[in-house]
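# Report on the structure
Below, each chain spelled out in residue letters.
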Amino acid sequence: MATELKLPDVGDNIEKGTVVTVLVKAGDTIQEGDPIIEIETDKAVIEVPASEGGTVEAVSVNVGDTVNVGGVILTLSGGSDASAAPAAAPAQAEAPKQEAAAPAPAAATPAAPTSSGSSTTVALPDVGDNIEKGTVVTVLVKVGDTVKEGDPVIEIETDKAVIEVPSSAGGTVESIGVAVGDTVNVGGTILTLSGGGTESGAGGAADAPAQSPAAQSSAAQSPATQGGGDQAANVESSATAADAGTANRVAQAQQESQKAQAAPQGQQGGQPQATAPDTSGNHDKLPAEAGAGTQAPGAQRPYNTQTYDGRTVVPAAPSVRRLAREIGVDIHDVHGSGIAGRISEEDVRRTAGTPSVQPAAASAASASGSAPAAPAQTQAAPLPNFEKWGTVKREDMSGIRKATVRSMTASWTTIPMVTHFDKADVTAMEETRKRFGARVEKAGGKLTMTHILMKVVANALRQFPKFGASLDLAAEQVVFKDYINIGVAVDTPVGLLVPVVKDADRKSITELVLELAELAGRARERKLKPDEMSGATFTISNLGGIGGHAFTPIVNSPEVAILGVSRGGLEPVWNRETSTFEPRNMLPLSLTYDHRLIDGADAARFVRFIAEALEDPFLISL
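Before going into details, it helps to say that this report is about the structure given with it. Predicted model, so just to flag it, every value in this text is computed and none were measured.

The rules behind these values
- Residues numbered from 1 in each chain as written.
- Predicted model: local features only at pLDDT ≥ 70, side-chain atom pairs only at ≥ 80, totals over all residues.
- Heavy atoms only, no water.
- Core = buried A, V, L, I, M, F, W, Y, C linked by side-chain atoms within 4.5 Å.
- Buried < 20%, exposed > 50% of the residue type's maximum accessible area, 1.4 Å probe, protein only.
- Helix = DSSP H or I, 4+ residues; strand = E, 2+ residues; numbered from the N terminus.
- Contact = heavy atoms within 4.5 Å.
- Arc of directions from axis to C-beta.
- Lys, Arg positive; Asp, Glu negative; His and termini not counted.
- Salt bridge = Lys/Arg side-chain N within 4 Å of Asp/Glu carboxyl O.
- Polar contact = N/O pair within 3.5 Å; in protein donor to acceptor, adjacent residues only side chain to side chain.
- Pairing = 2+ DSSP bridges.
- Axes fitted to C-alpha atoms, helices over the stretch in contact; angles between N-to-C directions.
- Parallel < 35°, antiparallel > 145°, perpendicular 65-115°, else oblique.
- Left-handed = near helix turned anticlockwise from the far one by under 90°.
- Nonpolar A, V, L, I, M, F, W, Y, C, P; charged D, E, K, R; others polar.
- Phe/Tyr/Trp six-rings, centres within 6.5 Å; stacked < 30°, edge-to-face > 60°.
- Patch = residues over 30% accessible without salt bridge, like charges linked within 9 Å, V, L, I, M, F, W, Y side chains within 5 Å.
- Areas by Shrake-Rupley, 256 points an atom, 1.4 Å probe, with all protein chains shown as cover.
- Expected span 1.5 Å × (residues − 1).
- Bend = angle between axes of the 7 residues up to and from the residue.

The biggest cluster of nonpolar side chains holds 71 residues, and the ones touching the most others in it are I36, F538, L563, L591, I610 and L614. In terms of residue count, the dominant contributor to this core is helix α12 (residues 449–463) (9 residues). If we skip the residues at most four places from it in the chain, I36 touches L5, V22, L23, V24, I30, V48, P49, A50, I73 and L74. Grouped together as the second largest cluster of nonpolar side chains are 20 residues, L124, I154, I176 and V184 included.

What follows is the structure, given as structure tokens:
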């Protein structure tokens, strides 16, 4: 009996992940706990273990697919080869239905190749929900190479991952339709194969019965008409594209769907239009004659990408949907101004007028009748044309940067923050650190001021539990926690990550050194698990190794405080007993706190407790 292995819950607020590696194949024998795939979330790459053992009968995901929690990853059998044949028939029978369900999370398989004579065209398959295109970063084959079905042929980059694209057929590379830097839409031609394309071509025809001869012949067009870094900008201007048969049908269906969402634009919906009307004022179109080298969105998909199971499919990224939810906009009411009606954050803001970044907090405040409403966010002013002063270059934000933008904007606009500054005399502590550092090195770590601060802050949070609490505005309660988990900001090549050391108050300084070193190393390799980046009650950000004498860190909600540490140094300090100035090693501290919960006097006492503990090493043990 076949057993389906599904994606388990991999962390708080994580609903899906992008497959970056498939570690097994059909026929492999696995045991419970063996890793089967790796998925990427906003901030980490996670190995997903098998929940049962058996023989892999079928793998339901490919590299680049987006899998929801609960989505099927693979199917196990008891090891019987006979089960493979009956399983294949229903899978093929349901192939058109799976293609029609494009937004479904786990059924994104490589697009079948199309055949023209003795040549077979390999196209870019669906690589995940709401991903319509990718940028070519590596071409892994060249003309004359022999490839097998499943061999990687190119690597493309999307918002959050670099994905290997496998060949959907085998044969000899006759021509390559893309180059490094090109933007390729889903369904766009990657390369053309010769020899062995007949069988694959039949399969492609069966999967795409509605495809016109014009569209099939265009799939084998020459490399000169494919690729190009401007494909994304040219999609709307494909009036004279060779694959107009399919593109026109898709464009017509998309226009009709858009009319159901927006006011009529005066266009004849019953006639196919090769160029979609510009109803948004979008001025990025190019002349129609440039459209011969473009790829219309969904051009090789013989189904309507705007509907699924009778419902309208809204072409919007998860971040855009999140913004719509946050500012109280029904995403179905937004008219997209992008390619094929794709909805951008600007479209959502335009529909909302003057939105609030955190209406949830505002609604909770209004429900309670006592807390103030969330501050309104003014729409970002349009940028000037920077190119009139010189050459510019644009880069897409990474997934981590997008997540940082969301969390920092939400914190800054909803939390009234105050920063309290102080200095600690760490002259004696530095001497102690150097004296006992060798003992920690023997255990395999390096003792720094950050580790000492973790221990001191953990003790401080026991004395001042309010600084490790959280606000529940909806219930009008303060949530005090009986545990102390400290997050430490780590600078990585891909952005700022915050691994969390759990139960820091119950661990020795040596244990903190070793655990933080391991977490920081995994953070730089993007191998942190979601649980290792969640659950913090307080955060420390130490910039002393870089420089600066003070800064104002931003509280990361739902925490209520964060400690910033800057570079220490020798300063003249007045000694009242000797009536002289003495050189002392002073460490600057910057505590930012949520003023809704913490008062200024509380913050001053909290920082003084930390400073006094650093000034007298004996106090750490108390």
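All buried positions along helix α7 (residues 318–326) are accounted for by V320, L323 and A324. All buried residues of α7 project into a common sector of 100 degrees when viewed along the axis, lining one side. Against the buried residues of α7 lie α8 (345–352). G328 occupies a position one or two residues after α7 and carries a positive phi of about 75 degrees.

Another aspect to go through is the side chain of D182. Structurally, D182 can be placed in the loop between β15 (171–176) and β16 (183–185). Buried and unpaired, D182 has no salt bridge, with K133 as the nearest side chain of opposite charge at 13 Å. Within the structure, D182 has its side chain in polar contact with the backbone nitrogen of A179 (distance 2.9 Å).

Within a sheet, neighbouring strands are paired by backbone hydrogen bonds and run either parallel or antiparallel to one another. Pairing in this open sheet of 4 strands is antiparallel, and the strands run β5-β4-β2-β7 from one edge to the other. Of all strands in the sheet, those bounded by a partner on one side alone are β5 (45–49) and β7 (66–68). For this sheet, the mean angle separating the axes of adjacent strands, direction not counted, is 45 degrees. As judged from the 5 bridges shared by strand β4 (residues 35–40) and β5, these two strands associate in the antiparallel manner. Bridging across to β5, P35 finds its partner in P49.

Summarising the sheet, strand β11 (residues 133–139) and β16 pair through 3 bridges and their orientation is antiparallel. By the bridge assignment for β16, G134 is matched with V184. Where β11 meets strand β13 (residues 152–157), 4 bridges bridge the pair, whose relative direction is antiparallel. The residue of β13 that forms the bridge with T135 is E157.

What follows concerns the sheet that holds strand β6 (residues 54–59). With antiparallel pairing, the 4 strands of this open sheet are ordered in space as β1-β8-β6-β3. What marks the edges here is a single partner per strand, and that holds for β1 (3–6) and β3 (29–30). With 2 bridges joining them, β3 and β6 adopt antiparallel strand pairing. Note that in β6 the partner of I30 across the bridge is G54.

The next thing to look at is the packing of α12 against helix α14 (residues 600–615). Two elements in contact, α12 and α14, have axes separated by 10 Å at closest approach and are oriented at 130 degrees. Relative to α14, the element α12 lies oblique. Handedness of the crossing formed by α12 with α14: right-handed. When α12 is examined against α14, the residues M449, I452, L453, V456, V457, N459, A460, L461 and Q463 are found in contact with a partner set consisting of F606, F609, I610, A613 and L614. In the contact of α12 with α14, the residues fall into 12 nonpolar, 2 polar and no charged.

We now examine unusual backbone geometry. The residue after S557, namely P558, is reached through a cis peptide bond having omega 10 degrees. You can see P558 is positioned in the loop between β27 (538–542) and β28 (561–565). Within the chain, E476 stands out as a residue other than glycine whose phi angle is a positive 55 degrees. In this structure, S579 is a non-glycine residue whose phi angle is positive, near 55 degrees.

Side chains bearing opposite charge may pair, as long as their charged atoms lie close to each other. Inspection of the entire model under this criterion finds 18 salt bridges. Residue K466 is joined to D602 by a salt bridge in which the shortest nitrogen-to-oxygen separation is 3.4 Å. With a gap of 136 residues between them, K466 in the loop between α12 and β21 (470–472) and D602 in helix α14 connect regions that are remote in the sequence. Looking at K466, the relative accessible area reads 26%, which means it is partly exposed.

Looking now at the packing of aromatic side chains. Taken as a whole, this structure holds 6 aromatic pairs when the rule is applied. For the pair F464 and F467, a centre-to-centre distance of 6.3 Å together with 90 degrees between the ring planes defines the contact as edge-to-face. Using a relative accessible area of 1% as the deciding quantity, one classes F467 as buried. Summarising the aromatic geometry, the rings of W574 and F581 are spaced 4.9 Å apart at their centres and angled 70 degrees between planes, so their arrangement reads as edge-to-face. For W574, a relative accessible area of 46% corresponds to the partly exposed category.

Moving on to a nonpolar patch on the surface. Together, L383, F386, W389 and V392 make up an exposed nonpolar region whose accessible area comes to about 450 Å². The topology assignment puts F386 in the loop between α9 (359–368) and α10 (399–414).

Residues lying three or four places apart along an α-helix face the same way, a consequence of the helix completing one turn every 3.6 residues. With 16 residues, helix α11 (residues 427–442) should reach 22 Å at 1.5 Å per residue; the first-to-last C-alpha distance of 24 Å fits that figure. The largest bend along α11 measures about 40 degrees and falls at F436. Listed in full, the buried residues belonging to α11 are T427, M429, E430, T432, G437 and V440. Directly beyond the C-terminal end of α11, a positive phi value near 105 degrees is found at G444.

Taken N-terminus to C-terminus, the directions of α7 and α8 make an angle of 15 degrees; their axes are 9 Å apart at the nearest point. Taken as axis vectors, α7 and α8 run roughly parallel relative to one another. Along this stretch, α7 crosses α8, giving a crossing that reads as right-handed. Between α7, through S319, V320, L323 and A324, and α8, the contact on the second element is made entirely by E345, V348 and R349. In terms of residue class, the contact of α7 with α8 is built from 4 nonpolar, 1 polar and 2 charged.

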